[in-house]
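Residues per chain are reported as follows:
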Amino acid sequence: MRTSLGWHAAGSAELRRTTLERRELRPDDLAVQVDFCGVCHSDLHALQLHDPEAKAPLVPGHEFTGVVTATGPEVTAFSVGDRVAVGNIVDSCGECAMCTAGQENFCYSFPTLTYGGTDRQDGSITLGGYSREYVVREAFAYRLPAGLDPAAAAPLMCAGVTVWEPLRALGVGPGSRVAIAGLGGLGHLAVKLAVALGAATTVISRTPDKRDDAHRLGADDLIDSTDGEQMAAARDTFDVVIDTISAAHDLAPYLKLVAMDGTLSVVGYLGPVTLETTDLLIGRKSLSSAGSGGRRATAEMLQFCADNGVAADIEVLPSSQVNTALDRLRRNDVRYRFVLDMSDLDGGDA
Ligand code: NAP
Ligand code: ZN
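Residues numbered from 1 in each chain as written. Chains lettered and ligands numbered in written order. Predicted model: local features only at pLDDT ≥ 70, side-chain atom pairs only at ≥ 80, totals over all residues. Heavy atoms only, no water.

A. Molecular detail of the coordination of the zinc ion (ligand 2). Surrounding the zinc ion (ligand 2) are the protein donor atoms Cys 40 (SG), His 62 (NE2) and Cys 158 (SG), at 2.0 to 2.2 Å. One chain supplies every donor to the zinc ion (ligand 2), and in sequence these donors are spaced C-x21-H-x95-C. Here Cys 40 is found in the loop between strand S3 (29-38) and helix H1 (41-49), whereas its partner Cys 158 is found in the loop between helix H3 (150-153) and helix H4 (159-169), with 118 residues between them in sequence. Exposure class is identical for Cys 40 and Cys 158. Each is buried. (Donors = N, O, S within 2.8 Å, 3.2 Å for Na, K, Ca; no water. Helix = DSSP H or I, 4+ residues; strand = E, 2+ residues; numbered from the N terminus. Buried < 20%, exposed > 50% of the residue type's maximum accessible area, 1.4 Å probe, protein only.)

B. A look at the site of ligand 1. Lining the immediate environment of ligand 1, one finds 29 residues, of which His 41, Ser 205, Thr 207, Lys 210 and Arg 337 sit closest. At 2.8 Å, a backbone N or O of Leu 183 approaches an oxygen atom of ligand 1. A distance of 3.0 Å separates a nitrogen atom of ligand 1 from a polar atom in the backbone of Val 267. Alone, ligand 1 offers 920 Å² of accessible surface; in the complex the protein occludes 89% of this. Those elements that provide at least two residues to the shell around ligand 1 are H1 and helix H5 (185-196). Among the elements that take part in the shell around ligand 1, H1 stands out by supplying 3 residues, more than any other. Of the residues that constitute the shell around ligand 1, the class distribution is 11 nonpolar, 15 polar and 3 charged. (Near = heavy atom within 4 Å. Polar contact = N/O pair within 3.5 Å; in protein donor to acceptor, adjacent residues only side chain to side chain. Areas by Shrake-Rupley, 256 points an atom, 1.4 Å probe, with all protein chains shown as cover. Nonpolar A, V, L, I, M, F, W, Y, C, P; charged D, E, K, R; others polar.)

C. Focus on the packing of aromatic side chains. On inspection of all chains with the given rule, the structure shows 2 aromatic pairs. Measuring from centroid to centroid gives 5.2 Å for Phe 64 and Tyr 134, while their planes differ by 45°, and the two rings are tilted. Placement of the pair is Phe 64 in strand S4 (residues 64-71) and Tyr 134 in strand S8 (residues 133-137), with a sequence separation of 70 residues. Accessibility expressed as a relative area gives 1% for Phe 64, which makes it buried. For Tyr 134, a relative accessible area of 2% gives the class buried. Here Arg 295 stacks its cationic end above the ring of Phe 140, 5.9 Å away from the centre of that ring. (Phe/Tyr/Trp six-rings, centres within 6.5 Å; stacked < 30°, edge-to-face > 60°. Lys NZ or Arg CZ within 6 Å of the ring centre and 35° of its normal.)

D. Quick peek at the environment of Gly 38. With respect to the helices and strands, Gly 38 occurs in strand S3. The exposure class of Gly 38 is buried, given its relative accessible area of 0%. Separated by 147 residues in the primary sequence, Gly 38 and Gly 185 place their C-alpha atoms 9.5 Å from one another. Apart from residues no more than four positions distant in its own chain, Gly 38 is found in contact with Asp 43, Glu 63, Tyr 130, Ala 154, Phe 338 and Val 339. (Contact = heavy atoms within 4.5 Å.)

Right under this line is the structure:
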């Protein structure tokens, strides 16, 4: 086993520094020195659901960039020293219809998640990127294109690709009218990506003082979701609404904003929803969802971001401040993504 320092939840509400074990490299594995890891709202959900008595510790973190430090003997695409990015999927069966179609994120036997997943070979529980080293199959590592800042690019690997896939699948481009509900980590990248794709883009937010930010990010407007008049005025005006809201909420007000034959794609809070069918019937509207990205779409998204100068608006904190980052994220006090600098884990013991 290889050891590395990281941050884990075990019997405490706070993450604590620990020594964790990584597998020895398999033939197609890379060892990656994790330099920067984004703090996703899913990490908060995972910590909330985590049973402190559970045998396996929870090490969150599923959007990171770093440098290859070792390669297994069958690795062909990467060399030591390459800068890479890893997202929230680190393996899939590779054989089902989804995998062969390049949608490994929808693998019929469920993709292996970067943390809290079950390793397909030894059954161990995966430990995430809030650590100084990660061992990953080369197929699920991506070359970081030149020109992308390694810290600001880290959030592209979960937040970015999660909104990229639906934007692309729904054909967003010049002439599209897009609204992004919830201006957080996913939401601000959705705005940048939709704008870069050429869409007229609007933010829907319960925080009207994000208006200046919305404009700076390239949006034409911000609709205050708590203002009934503003919401009513925007009825039936968007071809695509991407909902990134992190809490359970009524979808009806957001469906009302969708234009005829348009789509509401709910990628934020995932859970049961209640729905009035007539909210779909009137205007022949569609309800959809998505999550993460396949290998092809992920590589395409990274290149698109490099070509179009898209990256996250970040606040970088040393990894020792991980609990502060999580607390502030919980309070919606970040514009728009915390990224942990893992270099402070070098040297010293757990
Ligand atoms: P985030 O940075 O905390 O942003 C969420 C935004 O939602 C907030 O900035 C806020 O925007 C809005 N919001 C929060 N609570 C709300 C409430 N009670 N009512 C209305 N709006 C509320 O979170 P994130 O990292 O972007 O993640 C967003 C959600 O996506 C999380 O639930 C996360 O687990 C999920 N997620 C899903 C996938 C997937 O694969 N589908 C991947 C990653 C994350 P305003 O202030 O603008 O209203
Ligand atoms: Zn995430």
